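Observations on the three-dimensional arrangement
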Amino acid sequence: MSEQRGYRTSSVRIAGDEDATRKTRRPATHAPSARSLDADGNGTRLTDARQRVAGSPATSAGRQNPAWTSTAESNTAATNNAETRVRIGRTSGEGSATFIGAAAASLGLVWVLFERVLPFSGVLGFWVGWYVLFVGLYYLMARLQWDRREAMDRLASVGFGTGGVVAFLIVVEQVSYIFMRGSSAVGHTNFWTRSLAFAGPESPMTVGGVLHAIVGSVEELGLATLFAVPLGITAALFLAEIGGGLARVVRTIVEAMTALPDLVAGLFIYVTLILSLGVGKSGFCAALAIGVTMMPIVARASELVLRIVPGALREASYALGSSQWRTVWNVVLPTARSGLATAVVLAMARGIGETAPVLLVAGYTKELNANPFSGPMTSLPLFIYNAVHVLGTNDYIERGFGAAFVLVVVVLALFTIARRIGGSAPGELTKRQRRRLAREAPRT
Amino acid sequence: MAVALTPGPPEGFVGEDLRRAIVARPSGADRVFRGVLRAAGIAVLLIAVLILVFLVLRSLSAFRRAESGFFTTTSFFPETNSHFGIAALLPDSALIAVIALVIAVPVGVATALFISEYAPHSIRRPMIAVIDLMAAIPSVVYALWGLFFLMPRILGFDEWLAHHAGFIPVFRFTKTDTIGNYVGAMFIAGVVVSLMVIPIITSLSRQVFSQAPQGEREAAYALGSTRWGMIRAVVLPFGRGGIIGASMLGLGRALGETIAVTFILTPLTWMFSVHVLEGGGNSITAEIANYYTQWDTKGVAALLACGLVLFVSTLIVNTLAAVVISRSRSGALTAAD
């Protein structure tokens, strides 16, 4: 029996999912429920499989089904009668050698092609050519050693791995490019301490800075958070704690609004406040526009967090005689605190980078305006837009990259904070909280 | 005195057990609380309705001026000419979004599969963080990167594509073949927008893939399937609805993307052209961003009409996405789990 369990475990390990291993430590005869398998088209095939697994003789020879070891590296071991444990996730010598060999061969080939044979060159073309050649060569080399299925499997893993690597490279590339281009502008002290009030279109980098944009961004983001976070979290509480038909409608609307183009949020504020009510373009309008884009993000993320607060906690609170309001305030919200904070910080990271809504309603000024309720106000994204798209001289593009530097740093900081506080599940205590509880426990 | 410590039965107690209602009446504070929550929900609804109502009200005059020509006219000079329409702007927007999707869907789905099926546990969380970060990077940063980093480097590739794949109508190059004519093309805008769509598609389809039933995965392995075979037989069919829904959400995002498109495109003519490698081309969002300050009431009404079309089209796309996701098997829990 224990041997058979080990067998099952190893077959599950092939899935590469360690959570599953824990889940399936049931008696080995407990095969996947036939009911669920019959629910869809593949019922017969999979039920067949179950019977075959269940009905296979318990001798070690019978268990050595070569089909399921084919994903494992140790194909040769299967011919031996002694049962060897299948280990997956370990790279074999042949596997890595094939990979490295294909990479090196294609690199050499594409270099020859680009530098000696073909009449064109280019960095992007070079790497695209390298990748195409690499995939082809890798498949060829895999095919020389393994059967078609195995080779396809390897090809697929390379393909999916590429997706991951590309996504990773894009992020690293963008952040480092902005840092590289922005570093020269950020080095000037006046960049941090001055506004553009006395800078003309031709002023060198030693004149003027982005102080006004930083102040504008901070104030607009603060006001937007004041507007979006209470409304968003209250709406999320409505969805999670009250529910009903109205909540379903609201949930649909919230989901539709998370995908609302940010430009439309700007147009909305422009139409209502500026065209209809006659309010002048100001930081306050911009904050409202940012708030409209932030609110659904906060609401949706908060609802997800509130939903995973264990129902037993709520019931315990009700059983102690507390009202719904007390339960939410003293039990639900504190339990979901870290998740809520993550939702808020991520929404702030989105909000500070919003350009399109601000573009329409904030106006643009070169001067420092600390009053969000009157007069135009510039924020960092708006500054970048004007410096690069409207003015577009070399020095202004440098300033734009400097502002982007600041923006990326702020976004990265907010993102890291969100990751830090969002690392734990609701109700899970951080080390510090646990220490504090331990300290306070004897006293109470 | 001892008698007073044990209180006797209250007045009117008759010695029988009384039936107690198990539904508690909400207290006053609770009623206020529920009212506040309900008000917040209604406020959200109100904002959405107000967006629609105000956009419709303010753009009505433009629709009335342009009459039926609004959807069939390509030129857009609403200030001087009452003959204006979005027959070039809307297809341009759609074309950019389609280019973005053609790139983002394979990359996004591959990345999602990599994270959910292939990546070792130690790099799974960092990868998810990287994808989330990709979604958090402001669009203006993508725009800067696209304009100053990607554009100069992609032109050579564009040229190569035009020369060697020019037989495909989309890649045909009808202008004078100088490198300057490749600048500011819709293709480049589409590539930059695709980078913003990738994280949306990745994170949504990753969530769906990770819900694929464990029992069926094991069954596939038990039949001797390789990992790729298991993915093709179990994970992808299960996640199909999720992939479609994620792609449509990405489409909505791509249609509404403003700053990157505005930075990169250089509008030249009012003709819609499918030759995506040629410079020129425009989009609804770029048009609004470029001209909202310069125009009078008539022009602004026309721009708002554009905004309304954008709003309605993204709303349709997003609602369809929600329907597709909810009607597919994706996300449904199975008994095997």
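Note that the structure is predicted; figures quoted are calculated from it, not measured. (Residues numbered from 1 in each chain as written. Chains lettered and ligands numbered in written order. Predicted model: local features only at pLDDT ≥ 70, side-chain atom pairs only at ≥ 80, totals over all residues.)

Here we look at the overall build of chain B
Condition: Helical segments are the DSSP runs of H or I of at least four residues, strand segments are the runs of E of at least two, and each set is numbered from the N terminus. Radius of gyration here uses only the C-alpha atoms, and the compact-globule reference equals 2.2 Å multiplied by the residue count raised to the power 0.38. Remark: residues whose backbone-derived C-beta atoms lie within 7 Å of one another are considered to be in contact.
A count of helices and strands for chain B gives 11 helices and 0 strands. Taking 2.2 N^0.38 as the reference for a compact globule, 337 residues should give roughly 20 Å; the C-alpha atoms of chain B span a radius of gyration of 28 Å, well beyond that estimate. C-alpha atoms of chain B, sized along the principal axes, occupy 110 × 65 × 35 Å. In chain B, the share of contacts with a sequence separation of at least 24, taken over all contacts with a separation of at least 6, comes to 78%.

Here's the deal with the overall build of chain A
As a reminder of what qualifies: A residue is called partly exposed when the number of other C-beta atoms within 10 Å of its own lies between 12 and 20, exposed at 12 or fewer, and buried at 20 or more, with C-beta atoms placed from the backbone.
When you go through chain A residue by residue, the secondary structure sums to 21 helices and 0 strands. When each of the 444 residues of chain A is scored for burial, the buried share is 41%. Residue pairs in contact within chain A that sit at least 24 positions apart in sequence constitute 65% of those at least 6 positions apart.

As for the environment of L333(A)
All names here are of chain A. Position of L333 relative to the elements: it lies in helix α16 (residues 324-335). The class for L333 is partly exposed, based on 15 C-beta atoms found within 10 Å. Remark: the alpha-carbon pair of L333 and L137, spanning 196 residues in sequence, is separated by 56 Å.

With respect to the interface of chain A and chain B
Let me state the cut-off plainly: Asp, Glu, Lys and Arg are counted as charged, while Ala, Val, Leu, Ile, Met, Phe, Trp, Tyr, Cys and Pro are counted as nonpolar; the rest, among them Gly, fall into the polar class.
In this assembly, 99 residues from chain A lie in contact with 95 residues from chain B. Among the elements that make up the side of chain A that touches chain B, the one with the highest residue count is helix α9 (residues 148-186) of chain A (20 residues). Each residue belonging to the side of chain A that touches chain B can be placed in one class, and the counts come to 63 nonpolar, 24 polar and 12 charged.

Looking at helix α17 (residues 337-352) of chain A
The condition that has to hold: Residue count minus one, scaled by 1.5 Å, sets the expected span of a helix.
If you check α17(A), its first and last C-alpha atoms are 22 Å apart, about what 16 residues at 1.5 Å a residue would give, namely 22 Å. Counting buried residues in α17(A) gives 14 out of 16 residues, a clear majority hidden from the surface.

Regarding the packing of α9(A) against helix α4 (residues 121-136) of chain B
Filter applied, for reference: Between N-to-C directions, angles span 0 to 180 degrees; the directions come from axes that are lines fitted to C-alpha atoms, helices contributing only their stretch in contact. Oblique is the label for any angle not under 35 degrees, not over 145, and not in the 65 to 115 range, which are roughly parallel, roughly antiparallel and roughly perpendicular in turn. Take the far helix as the reference: if the near one is turned anticlockwise from it by less than a right angle, the crossing is left-handed, and if turned clockwise, right-handed.
Interaxial distance between α9(A) and α4(B) falls to 10 Å at its minimum, and their mutual angle equals 50°. With respect to each other, α9(A) and α4(B) are oriented oblique. For the element pair α9(A) and α4(B), the recorded crossing hand is left-handed. Contact residues: G164(A), A167(A), F168(A), I170(A) and V171(A) in α9(A); M127(B), V130(B), I131(B), L133(B) and M134(B) in α4(B). Of the residues assigned to the contact of α9(A) with α4(B), the class counts are 9 nonpolar, 1 polar and no charged.

Things to note about the packing of helix α5 (residues 139-164) of chain B against helix α6 (residues 186-209) of chain B
Residues and elements named next belong to chain B. The interhelical angle for the contact between α5 and α6, taken along N-to-C directions, is 135°, at an axis separation of 9 Å. Put simply, α5 runs oblique to α6. Pair α5 / α6 crosses with right-handed handedness. Each of S139, Y142, G146, L150, M151, I154 and D158 in α5 lies in contact with α6, whose residues at this interface are F187, I188, V191, V192, L195 and M196. Its residues placed into classes, the contact of α5 with α6 shows 10 nonpolar, 2 polar and 1 charged.

Observations regarding α16(A)
Every buried residue belonging to α16(A) is among Q324(A), W325(A), T327(A), V328(A), V331(A), V332(A) and T335(A), and all of these are buried. Against the buried residues of α16(A) lie α11 (211-242), α14 (283-307) and α15 (311-319) of chain A together with α2 (28-66) of chain B.

Thoughts on the environment of I325(B)
Take I325(B): it is sitting in helix α11 (residues 297-327). Taking the C-alpha atoms as reference points, I325(B) and I244(B), separated by 81 residues in sequence, lie 7.6 Å from one another.

Some thoughts on the confidence of the model for chain B
Residue and element names in this part refer to chain B. Quick note on the threshold: pLDDT is a residue-level measure of predictor confidence that goes from 0 to 100.
Scored by pLDDT, chain B has a mean of 82; 92% of the residues are at 70 or more. Scored below 50 in pLDDT, residues 331-337 shows 18 contacts in the model against residues more than four places distant or in partner chains. The ipTM for the predicted assembly is 0.82, set against a pTM of 0.78.

Describing the environment of F167(B)
When you line up the elements, F167(B) lands in the loop between α5 and α6. The sequence separation of F167(B) and L277(B) amounts to 110 residues, and the corresponding C-alpha distance is 13 Å.

Considerations on the confidence of the model for chain A
In low-pLDDT segments, the atomic positions of the prediction should not be examined closely. Counting all residues, the mean pLDDT for chain A is 76, and 76% of those residues have values of 70 or more. Low confidence marks residues 1-78 of chain A, where pLDDT is under 50. Its contacts with residues over four positions away, or in another chain, come to 101 contacts.

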